[in-house]
Amino acid sequence: MTAKVLFVLAVNFACLSVKGNSRKCFLKDGEPFQYISGSIHYSRVPQYVPWNFHEPVQGLYNFTGDRDLVHFLDLANQTGLLVILRPGPYICAEWEMGGLPAWLLDNPNILLRSSDTDYMQAVTNWLTVLLPKTLFRYFLGGDVLLFTTDGNTDHEMTCGSLQGIYATIDFGTDTNITAAFKRQRRFEPHGPLSSTQAGWTTGGRGMLRSTNGRFRSVVTSYDYDAPLSEAGDPTDKLLLIRDVIKQFRDVPAGPMPPATPKFGYGFYYGYVLYRTKLPRELWGPTPLISPLNGVHDRAYVTVNGVFQGLLERDTALVVNISGTQGDTMDLLVENMGRGLLGNLILGRDVLTDWEIYPLDLDGAIDGGLPRSVAPPGSPPARQKETSAGPTFYRGILQPNGLAWDTFLKLSDWSKGQVWINGVNLGRYWPARGPQQTLYVPGPVLSTTRPNVITVLELEGAPDHRRVVFMDRPHLNSSTRRP
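Residues numbered from 1 in each chain as written. Predicted model: local features only at pLDDT ≥ 70, side-chain atom pairs only at ≥ 80, totals over all residues. Heavy atoms only, no water.

A. Representation of the packing of aromatic side chains. Under the criterion given, the structure shown has nine aromatic pairs. On the basis of an interplanar angle of 85 degrees and a centroid distance of 6.0 Å, the ring pair of Trp-51 and Trp-103 is categorised as edge-to-face. In this pair, Trp-51 sits in helix α1 (residues 51-54) while Trp-103 sits in the loop between α2 (69-78) and α3 (117-140), placing the two residues 52 residues apart along the sequence. The exposure classification of Trp-51 matches that of Trp-103, with both residues buried. With centroids separated by 5.6 Å and ring planes inclined at 85 degrees, the aromatic side chains of Phe-171 and Phe-181 adopt a geometry described as edge-to-face. Taken as a pair, Phe-171 in strand β8 (residues 166-171) and Phe-181 in helix α5 (residues 177-187) lie far apart in primary sequence, 10 residues in all. With a relative accessible area of 8%, Phe-171 lands in the buried category. Ring pairs connect the aromatic residues Trp-51, Tyr-61, Phe-63, Trp-103 and Trp-126, which therefore count as one cluster. (Phe/Tyr/Trp six-rings, centres within 6.5 Å; stacked < 30°, edge-to-face > 60°. Helix = DSSP H or I, 4+ residues; strand = E, 2+ residues; numbered from the N terminus. Buried < 20%, exposed > 50% of the residue type's maximum accessible area, 1.4 Å probe, protein only.)

Take a look at the structure:
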């Protein structure tokens, strides 16, 4: 199982000043207990169990490989680690659709995250599988502390707490801690003061998006100047945090584990397709318009397979296209958002009769797509002219006996996504930056078989079509202004 490492500083402060008072402290084995915790998680997002990670198809559950939550909890138990677990069902915007599976939307009348009976039945079915079969029965037993956790506002605490359940609070590094805990005490008059996620000091991988008034994409890397890098390496910040903790509690004896070796190898949730027919002859370039900013968030437009241009939320609401009546127009919508949320207008016509195809790219690539035409051992074919628009490229990194961590850089490529040996590494977008490399965990690479690199380039690949494996990350620049 490939490890994705995340570090979340979560602290229970009450026992620093109120020792021996069980009403103000957690108890463990009958003794007052304080946690100062970091996290190592089986998936990319801290503490959460993503529903759509385990039930991508309704009624079909997957708890194997990187999704083996039971094995992860067993490893934690063997090493004497306690677990703070957030089973959802909604797990916040760090994960696609907040962890809710897309098949819920097959019901047009469902109201997500509400008391809607259809939604509640689906949640009940999921938790019936997750809690008794995989968690409580084997690991938690009868002495379990249930808690709610939400943000640092009265509204969030009101909506996010439940009567009779211990209520904790979340806040960031820019928060006045005294004020935050006063708010918790108003909603939770008893028990310890506890932040179950005191800011994000994380290393790891994922893809976020942030609106803050209007759409802003966020880089694939979770390495926000973290105490542990996304490769799991200690940093100076981690040593400083340990020094602070040592002022109040004992820390494990012995040296800090060293950074893992890196190697520079040298050169070597899907998308949704919307399809319709052009309603009439287009005698010249005709504007395709998203009048209500309904493309969320980026759509690549082709007519009969020929790339026409792109529509992008907030910035590119018009693209000119050409074609004849009956031609097939495709919009490949990148899942940074939720697809088409409004009508598209072609000239004077509102386009209708859309066919919608969810694309399981991870599954297709894991199954061997795109297929190589040349048989194994054939000499490299002469490079064809680079295509514009969404195109798959495939290359091979020959094994050299090493499987060390490395960082993949796609210089001069435009925007897209990368897989190695079927493992999704994430998105790249060098022009926007600041991230220029994608972290490749060593266990993804084979030491004995050719490593297959698959690149989905959405706009246009460079003529050289090379990628570079580096021994250090490059996270803090852009190649040009957007």
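B. Seen up close, the pattern of salt bridges. On inspection of all chains with the given rule, the structure shows 12 salt bridges. Residue Arg-186 is joined to Asp-154 by a salt bridge in which the shortest nitrogen-to-oxygen separation is 2.5 Å. Within this pair, whereas Arg-186 is found in helix α5, its partner Asp-154 is found in helix α4 (residues 154-160), the two being separated by 32 residues in sequence. Here Arg-186 falls in the exposed class, since its relative accessible area comes to 53%. (Salt bridge = Lys/Arg side-chain N within 4 Å of Asp/Glu carboxyl O.)

C. Structural context of the sheet that holds strand β19 (residues 345-346). With antiparallel pairing, the four strands of this open sheet are ordered in space as β17-β14-β19-β20. Both outer strands of the open sheet, β17 (318-323) and β20 (349-350), are each paired with one neighbouring strand and no more. The pairing of strand β14 (residues 282-289) with β19 spans two bridges and is antiparallel. Counted as the bridge partner of Leu-288 is Leu-346 from β19. (Pairing = 2+ DSSP bridges.)

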